[in-house]
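Residues per chain, in single letters:
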Amino acid sequence: MTDTDRYVPAAGRAAFTRLYDPVMALSMRESSWRQPFSERVGRDLPEGGVVADIGAGTGTFAIDLANNRCDAIVIAVDGDPQSIGLAQSKTGSERVRWTKGLATKLPLSDASVDVVSLSLLLHHLSSDAKRQALAEARRILRSEGHLHVADWGRPDSVTFVGFQFLRLLDGLANTSEHAQGSIAMLIDSAGFEDATVWRRLRTFWGSTEFIVARV
């Protein structure tokens with residue numbers, strides 16, 4: 001497996017997968033951003049549209065999307081059978097189409113979805129893999145489609161220490177562009193337009209940025 005194809009589970013290490021949901025709830029202020037992020041994604045989703053949640057992990061966000069937009073088709077893609085299994089055990093999971101695949105080589109057709117969401121995925125990937133994942137997201141998006149990203153941005157004085165600890169866990173190289181606050185620029189360079197940070201949120205692990213861009 002090449003670096004571009006390297007798979008990282010939702011919690012960074014397979015042994016921690018079952019701890020991912022409670023840790024997220026406690027340390028990531030999940031209740032403060034999951035629902036607003038889902039609603040923001042839904043505003044860019046046309047009636048009866050298709051949204052692909054890439055790196056869906058244990059499925060919380062994909063299920064929220066499906067609950068918020070009963071008219072839409074929600075596709076959740078993740079490379080870890082254990083995570084998908086946990087996701088499918090959750091209430092509401094039957095409304096989501098669960099698909100095994102990697103962000104760098106999506107099992108979806110060209111121009112087949114209206115919205116792509118990448119939630120806490122990019123920081124697990126090398127620079128080359130980030131670019132490949134963004135290229136894949138653009139490939140599957142229809143004309144006038146939207147990309148939504150929630151991931152780490154440049155830390156401030158309050159979040160600096162927690163983010164340095166996270167970088168040690170997830171890799172200094174993988175998180176270098178996040179530390180520089182350059183993810184929006186990276187999205188623009190992948191062929192998207194008007195990449196905009198519309199919200200920032202302080203958490204135990206760092207500052208989370210919420211970014212929207214269009215094809």
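In case you missed it, the structure is sitting above this.
Just so you know, these numbers come straight off a predicted model, no measurement behind them.

Mapped onto the fold, Ser-93 is located in the loop between helix H4 (81-88) and strand S3 (96-100). Linking Ser-93 and Ile-63, residues 30 residues apart in sequence, is a C-alpha distance of 5.9 Å. With near-sequence residues (within four places) excluded, Ser-93 lies in contact with Ile-63, Ala-87, Gln-88 and Trp-98. Looking at Ser-93, its side chain comes within polar contact range of the main-chain oxygen of Lys-90, at 2.9 Å.

Take the side chain of Asp-44 next. Summarising the element assignment, Asp-44 is placed in the loop between helix H2 (30-43) and strand S1 (50-54). Side-chain polar atoms of Asp-44 contact the side chain of Arg-40, separated by 2.9 Å. Ignoring anything within four residues of it in the chain, the contact list for Asp-44 reads Val-115, His-146, His-148 and Val-212.

With that out of the way, let us pick up the nonpolar core. Among the nonpolar cores identified, the biggest contains 31 residues, and Ile-54, Val-116, Leu-118, Leu-122, Leu-147, Ile-187 and Phe-192 are the most heavily contacted of them. A total of 5 residues in this core trace back to one element, the largest contributor, which is helix H5 (residues 127-140). Leave out the neighbours within four places in its chain, and Phe-192 touches Leu-134, Ala-137, Arg-138, Leu-141, Leu-147, Ile-187, Ala-213, Arg-214 and Val-215. Ranked by size, the runner-up nonpolar core spans 28 residues in total, among them Ile-84, Phe-163, Leu-166 and Ala-179.

Time to look at the pairing of S1. For S1, the tally of buried residues reaches 5 of 5 residues, placing the bulk of the element in the interior. In S1, alternate side chains face the same way, and those of Val-50, Ala-52 and Ile-54 on one face and Val-51 and Asp-53 on the other are all buried. Two elements, S1 and strand S2 (residues 73-78), share 5 bridges in a ladder whose sense is parallel. When the bridges of S2 are listed, Ala-52 appears paired with Ile-75. Handedness of the S1-helix H3 (residues 60-68)-S2 crossover: right-handed. Judged from the 4 bridges that link them, S1 and strand S4 (residues 113-119) form a sheet pairing that is parallel.

What follows deals with the side chain of Asp-78. Structurally, Asp-78 is set in strand S2. One buried charged side chain, Asp-78, makes no salt bridge at all; its nearest oppositely charged neighbour is Lys-100, positioned 8.4 Å away. Polar side-chain contacts of Asp-78 include one of 3.3 Å to the backbone nitrogen of Ala-56. There is a polar contact of 3.0 Å between the side chain of Asp-78 and the backbone nitrogen of Asp-80.

Conventions we followed
Residues numbered from 1 in each chain as written. Predicted model: local features only at pLDDT ≥ 70, side-chain atom pairs only at ≥ 80, totals over all residues. Heavy atoms only, no water. Helix = DSSP H or I, 4+ residues; strand = E, 2+ residues; numbered from the N terminus. Contact = heavy atoms within 4.5 Å. Polar contact = N/O pair within 3.5 Å; in protein donor to acceptor, adjacent residues only side chain to side chain. Core = buried A, V, L, I, M, F, W, Y, C linked by side-chain atoms within 4.5 Å. Buried < 20%, exposed > 50% of the residue type's maximum accessible area, 1.4 Å probe, protein only. Pairing = 2+ DSSP bridges. Right-handed = clockwise from strand over helix to strand, strands pointing away. Lys, Arg positive; Asp, Glu negative; His and termini not counted. Salt bridge = Lys/Arg side-chain N within 4 Å of Asp/Glu carboxyl O.

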